[in-house]
Amino acid sequence: MSDAEMTAEPVDYSKTLFLPVTDFPMRAGLPQREPEILAKWEREDLYRAQRAKAAGRSKFVLHDGPPYANGHLHIGHALNKILKDVITRQKQMEGFDSNYVPGWDCHGLPIEWKIEEKYRAAGKNKDEVPINEFRAECRAFAEHWVEVQSAEFQRLGVIGDFRDPYLTMSYEAEAVIANEIQKFALTGQLYRGSKPVMWSVVEKTALAEAEVEYQDHTSDTIFVKFPVTSGGDHAGASVVIWTTTPWTIPGNRAVSFSNRIAYGLYRVNDAPEGNWATSGDTLILADKLAEEVMKAAKVSSFQKIATVSAADLAGVTLAHPLAALGYDFVVPMLDGDHVTDDSGTGFVHTAPGHGREDFEIWMSNARALEARGISTEIPFTVDDAGVLTEDAPGFVGRTVITADGDKGDANATVIGALIAAGALIGRGRLKHQYPHSWRSKKPVIFRNTPQWFIHMDSDIEAQGDTLRARALKAIEETTFYPPAGQNRLNGMIANRPDWVVSRQRAWGVPIAVFRNTRTHELAPGPQFAGNDELMTRVQDAFVEHGADAWYEAGAKERFLGGLVDDLAEWEQVTDILDVWFDSGSTHAFCLRKRPDLKWPADMYLEGSDQHRGWFHSSLLESCGTNGRAPYDSVLTHGFVMAEDGRKMSKSLGNIVSPQDVISQSGADILRLWVMASDYADDLRIGKEILKTNVEAYRKLRNTIRWMLGTLAHHDAALDPALGEMPELERLMLHRLFEVGETVKAGYAEYDFKRVVGAIMNFMVVDLSAFWFDVRKDALYCEPHSSVKRRAALAVVAHLFDALAKWLAPMLPFTMEEAWGHAHPGATSIHLELFPELPTAWKDEALAAKWAKVRDVRRVITGALEVERAAKRIGSSLEAAPIVHITDVDLVTALEGVDLAEVAITSGVTVTGEEGPQEAFRLYDVAGVAVEPNKAVGPKCARSWRIVPDVGSDPEFPDVSARDAAALREWRARGGAA
RNA sequence: GGGCCCGUAGCUCAGCUGGUUAGAGCGCGCGCUUGAUAAGCGUGAGGUCGAAAGUUCAAAUCUUUCCGGGCCCA
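Please read all numbers here as calculations on a predicted model, not as lab measurements.

A. Geometry of the overall build of chain A. Per the secondary structure count, chain A includes 30 helices and 33 strands. Scaling as 2.2 N^0.38, a compact globule of 977 residues should have a C-alpha radius of gyration of about 30 Å, whereas chain A reaches 39 Å, well beyond that. Expressed as lengths along the three principal axes of its C-alpha atoms, the size of chain A is roughly 125 × 75 × 55 Å. By residue count, 56% of the 977 residues in chain A fall in the buried class. Of the contacts made within chain A by residues no fewer than 6 positions apart, 76% connect residues no fewer than 24 positions apart. Of the accessible surface of chain A, which amounts to about 40400 Å², a share of 51% is contributed by carbon and sulfur atoms.

Here it is as structure tokens:
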């Protein structure tokens, strides 16, 4: 020990240092802190403050896709809203007036179902309740969930006009939606047709394809003979069909075959006593399936006696197997591509009222059939309760599916009749995927129903100006993130059939049109062009009373009175609109009506399932009424999976709820998870992934915290000019500028993981592990007046300002908290703009030079690590290595660089000579060899460096000259001695 | 069954139009520090780039098939 140290009083020099000081806690406690920040935003009305601040700026409108107002939020909602919020906030900070108006989808089956369930539980029947009373209950139910979800969305940190959201059930919305469908009627795009639709007997409604799910179901299967009545030379033979829906046999009007399948005529040679198929029967079957069919028919011996060609079959006509019961019409054979010989018989029983393909082949052959004298009228064989009608003679009153969703007696009765008619040759059961209602989970049926459609391919204003053509063009003019979305939507629009918009339900917006029962004209309709009185009446009434007005007594007189010659000829349509039409109209009643928004929207943002949903319906709705898409860009995200990449499910117990994450870790953690993920693909979440994000958050928070503590000593008035700053500070400003470029580019492409990645990497590698570590000595120990210290402080201030702002859209709670610590009394970071960094900061030459310096540094730290492992040194300040540099470039790079400072050692000796054999080298840094060398001499009690000038100042004998100077300043500024 | 998409270290992600021993951060192991301390620094170990075949002088990068996963349809 030196004399100086011996004689010195033991002083606690830490009090004389500029150590970080901050109240910003290391541990976030987000679950408690976030609600406090929310309360502050509420108190200060941040949303309106943002609007005021941005008044006059150009608008950016991300139009919210309305979630359905039932139930709590799940993780998918959280993902969706977080992305929307980050973009909203990003655009606000980029200098737009970025106004987000949340919305809710309120009409529709699921809510109606809930209310019905309630009635059932109370032993009431929905049909006994007046419709507007029922609608009022649905409205109240939706209102409740809007409130719940609104609170849950806000808890995620989502900022928007939650005090005045849009609702599809608001009176204004209902009025506009009704007017929108009237526009389709007015321009002749709306028509009434009949079509088999997916029908749920339990809910008594047609279902959209989005409303059915495929589940295992066991069906009765039957093999049925259709006797040949004419054509070819197959007299006495029968064509055999196979079906899983025996109850559709009364609806049969044709049998389909395929010209790509090889058929043959088969004779039964032998069969057991009492078998349905008996010796001598001749059956026409697909060659590939003949053996299977014979086996199913329990035939013990058979042989092929002839080949049957497709041309033959086309000329064949059949008799209905139940002709004796009244089905005494001609059953034609139709050639269809949908027929295969993968299973069944190679022939498809075709009931145009019970299947989409059946309907399509029937209609495409309509003219030819009529020419043959065959009526193409499609029978309505099943009513809305799943009961067979008079169009199904012999089976009237038989039930396909009961009100509870169970199998009725129709199948058994039809099978019995077929047996009695000698038409059945085999039967069985098949477990297969069958459509079920998403609500009741009960099987659905295809039944022929009158429905309202919007034409995809009829001319609107000019020849070729069809809805499909308009929509395809609009897709081309839209920007998709990611680009694959364009293909996907395009493919769907290109191939979709006409748009069914009607529902036979109560809770929704009525198709507010009238139909002339004699002429089939619509009101409004093309004949009403130029007369908008009807539309105005509906508009006014709905705005005042809601769509309930449509159901009030005297509605027809009220709306149509005086506008047509004979009111009695007109019937009021009571069907309601499919909810996809409602949500497809949000742009009309929200974007167009609100002066604080604009039309079209800059962006629609939803999960990739919405290519079939909201992107799709909004596109068609707007193209039909406005001729273009209601959006300029569409951004899609994937779905949230469990940690193993599979779907989350209750049975696996791997569901992660946003509520749990928020209460355990905080909303900012959830947001960080979204930001770090590739949202364009499916995302994964689980215990480990959340832990990773919590760790990343901690690192980020601590780095912010150190800056805040350091800034306690910052006085902007003392900031040196850029030119006065040391190279190391200018290097950091350069790096900050570079990171800023990446951040800007990342945000521009909504590539948040790139933004987070660049920021995290910068904070960890450049700041925490390098610059902070190096500069702690200067920041803590240098005299108050030191340029080096003041320059470092100025840089910390720039770093904090930029990083906090860049992170603010992503981590709004944490950055608000940090901002408050940096700027006591400031309102909110969310009223700030992203920083414009001076291009003067950019200095590539400096960066190139310092890349080399850091290479040399790596060799030194590597050498010290060896010493540490050998227990020869601990702290790097115990070393004063000898650095041999033989690379000319490196020598140049090191000019003016204090290597000891950079490597955080007590000294460095640089030589230009080749180092000794045993010196430390790195394979990827040529021309550098380091001899670790222990620093010798007295240790400065204040800065802990071992430097020769310790004790050179007699007044402060145990510290270095630099620290002595610092102490003198410190005392002069009032520090206690 | 069809359309669109995805599959790189334990985790999250980079790897452009094919070209040296495939990278980063986090996590993990070990060491240091104790003036960012329920923190900080250093260092180390981790990958047959889902699998196979093909094109090529050369493939994580192109082609095909298969496997696994997702969304939307049937």
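What follows picks up the thread again.
B. Looking closely at the packing of aromatic side chains. Taken as a whole and assessed by the stated rule, the structure comprises 24 aromatic pairs. Between F184 and F581, the aromatic rings sit 5.8 Å apart at their centres with planes inclined by 70°, giving edge-to-face as the arrangement. Taken together, the positions of F184 in helix α7 (residues 171-186) and F581 in helix α17 (residues 579-584) put the pair 397 residues apart, joining distant regions of the chain. Given the relative accessible area of 0%, F184 is considered buried.

C. The sheet that holds strand β27 (residues 631-637), seen in detail. With respect to topology, four strands assemble into an open sheet ordered β2-β26-β27-β19, the strand pairing being parallel. Of all the strands in the sheet, the pair left with one neighbour each is β2 (62-63) and β19 (479-481). Across six bridges, strand β26 (residues 601-607) lies against β27 in parallel orientation. Across the sheet, L605 pairs through a bridge with L635, a residue of β27.

D. How the structure looks around helix α21 (residues 667-676). Taken across its 10 residues, α21 has nine buried, putting it largely inside the fold. Those residues of α21 not exposed but buried are A667, D668, I669, L670, R671, L672, W673, V674 and M675.

E. Geometry of the sheet that holds strand β33 (residues 925-931). Read across the open sheet, the four strands follow the order β31-β30-β33-β32; overall the sheet is mixed. Looking along the sheet, the strands with just one partner apiece sit at the ends: β31 (909-911) and β32 (920-922). Averaged over all adjacent pairs, the angle separating strand axes in this sheet is 25°, with direction ignored. In terms of strand pairing, strand β30 (residues 882-885) meets β33 through four bridges, oriented antiparallel. Its bridge partner being in β33, H884 is matched across the sheet by A929. Against the sheet, helix α27 (residues 844-869) touches β30, β32 and β33, its axis set at about 40° to β33.

F. Local environment of the packing of helix α24 (residues 752-781) against helix α25 (residues 787-807). Following both chains from N to C, one finds α24 and α25 inclined at 160°, their axes separated by 11 Å at the closest point. In terms of axis orientation, α24 runs roughly antiparallel to α25. For α24 against α25, the interelement crossing comes out left-handed. In this structure, α24 uses I759, F762, M763, L767, W771, F772, R775, A778 and L779 to contact α25, whose residues at the interface are K788, R789, A792, L793, V795, V796, L799, L803, W806 and L807. Among the residues making up the contact of α24 with α25, the classes are represented as 16 nonpolar, no polar and three charged.

G. Structural view of the side chain of D85. Take D85: it is sitting in helix α4 (residues 75-93). Here R89 takes part through its side chain, which lies 2.7 Å from a polar atom of the side chain of D85. A polar side-chain atom of D85 sits 2.9 Å from the main-chain amide nitrogen of I159. Leaving out residues up to four positions away in the same chain, D85 has contacts with G157, V158, I159 and R671.

H. Summary view of the side chain of D358. Its location among the elements puts D358 in helix α10 (residues 356-364). With no salt bridge to any partner, buried D358 finds its closest opposite charge in R356, at an N-O distance of 9.6 Å.

I. Here's a closer look at the packing of α7 against helix α15 (residues 533-545). At a closest axis distance of 7 Å, the pairing of α7 and α15 adopts a crossing angle of 160°. With respect to their mutual orientation, α7 and α15 come out roughly antiparallel. With respect to the hand of their crossing, α7 and α15 are arranged in right-handed fashion. Where α7 approaches α15, its residues Y171, E174, A175, V176, A178, N179, Q182, K183 and L186 are matched on the opposing element by L534, M535, V538, Q539, F542, V543, E544 and H545. A class-by-class count of the residues in the contact of α7 with α15 yields 10 nonpolar, four polar and three charged.

J. Layout of the pattern of salt bridges. Within this structure, the stated rule accounts for 68 salt bridges. A salt bridge links E569 to R518, with the shortest nitrogen-to-oxygen separation between them at 2.4 Å. On the criterion of sequence distance, the pair formed by E569 in the loop between α16 (555-560) and β24 (570-572) and R518 in the loop between β22 (514-516) and β23 (522-523) is long-range, its members being 51 residues apart. Assessed through its relative accessible area of 19%, E569 is described here as buried. Overall, R518 belongs to the exposed group, its relative accessible area being 59%.

K. The arrangement of the pairing of strand β15 (residues 330-335) in detail. Relative to β15, strand β10 (residues 254-257) runs parallel, the two sharing three bridges. When the sheet's bridge partners are listed, V255 is paired in β15 with M333. Here three bridges tie strand β14 (residues 317-319) to β15, and the two strands are oriented antiparallel to one another. Across the sheet, A319 pairs through a bridge with V330, a residue of β15.

L. Expanded view of unusual backbone geometry. That bond from Y481 to P482 is cis: its omega, -10°, falls within 30 degrees of zero. W599 connects to P600 through a cis peptide bond whose omega is -5°. The phi angle at H520 is positive, at roughly 65°, despite the residue not being glycine. Among the structural elements, H520 can be located in the loop between β22 and β23. We classify H520 as partly exposed; its relative accessible area is 48%. One non-glycine residue, I904, adopts positive backbone phi at about 55°. What makes I904 buried here is its relative accessible area of 19%.

M. Spatial organisation of α27. With 26 residues, α27 extends 37 Å between its outermost C-alpha atoms, agreeing within 8% with the 38 Å of an ideal straight helix rising 1.5 Å per residue. Taken from the residues just after α27, K871 is the one with a positive phi, measuring 60°.

About the criteria used
- All residue numbers here refer to positions counted from 1 along the written sequence of the relevant chain.
- A letter from A marks each chain and a number from 1 marks each ligand, given out in the order of writing.
- Whole-chain, interface and lining totals are the exception, using all residues; otherwise, since this is a predicted model, local features are given only for residues with pLDDT of at least 70 and side-chain atom pairs are given and counted only at 80 or more.
- Hydrogens and waters are ignored; side-chain quantities use all the structure's heavy atoms.
- Only DSSP runs of H or I with at least four residues qualify as helices, and only runs of E with at least two residues qualify as strands; both kinds are numbered from the N terminus onward.
- Only C-alpha atoms enter the radius of gyration, while the globule expectation follows 2.2 Å times N to the 0.38, with N the number of residues.
- Any residue under 20% of the maximum accessible area for its type is buried, any over 50% is exposed, and the rest in between are partly exposed; the area is computed with a 1.4 Å probe on protein chains only.
- In what follows, residue pairs with any heavy atoms lying within 4.5 Å of each other are defined as contacts.
- Exposure was quantified through the Shrake-Rupley algorithm and a 1.4 Å probe, taking into account, for residues, occlusion by the shown protein chains and nothing else.
- A pair of Phe, Tyr and Trp rings is counted when the ring centres sit within 6.5 Å of each other, with Trp represented by its six-membered ring. The angle between the planes then sorts it: under 30 degrees is stacked, over 60 is edge-to-face, the rest tilted.
- Paired strands, as defined in this entry, are two strands with at least two bridges between them according to DSSP.
- Each axis is a line fitted through C-alpha atoms, taken for helices only over the stretch in contact, and angles between the N-to-C directions span 0 to 180 degrees.
- Throughout, the term roughly parallel applies to angles under 35 degrees, roughly antiparallel to angles over 145, roughly perpendicular to angles from 65 to 115, and oblique to all others.
- A crossing counts as left-handed when the near helix is turned anticlockwise from the far one by less than a right angle, and as right-handed when that turn is clockwise.
- All amino acids are sorted into three groups, where Ala, Val, Leu, Ile, Met, Phe, Trp, Tyr, Cys and Pro are nonpolar, Asp, Glu, Lys and Arg are charged, and the leftover types, Gly among them, are polar.
- Nitrogen and oxygen atoms within 3.5 Å of one another constitute a polar contact, given that in protein one can donate a hydrogen and the other can accept it, and given that sequence-neighbouring residues count only through two side-chain atoms.
- The sign given to each residue is positive for Lys and Arg and negative for Asp and Glu; His and the chain ends receive no count.
- Here, a salt bridge means any side-chain nitrogen of Lys or Arg that lies within 4 Å of a carboxyl oxygen of Asp or Glu.
- An expected span of 1.5 Å times one less than the residue number is assigned to each helix.

Everything listed here is a matter of coordinates, which is why it stays silent on function.
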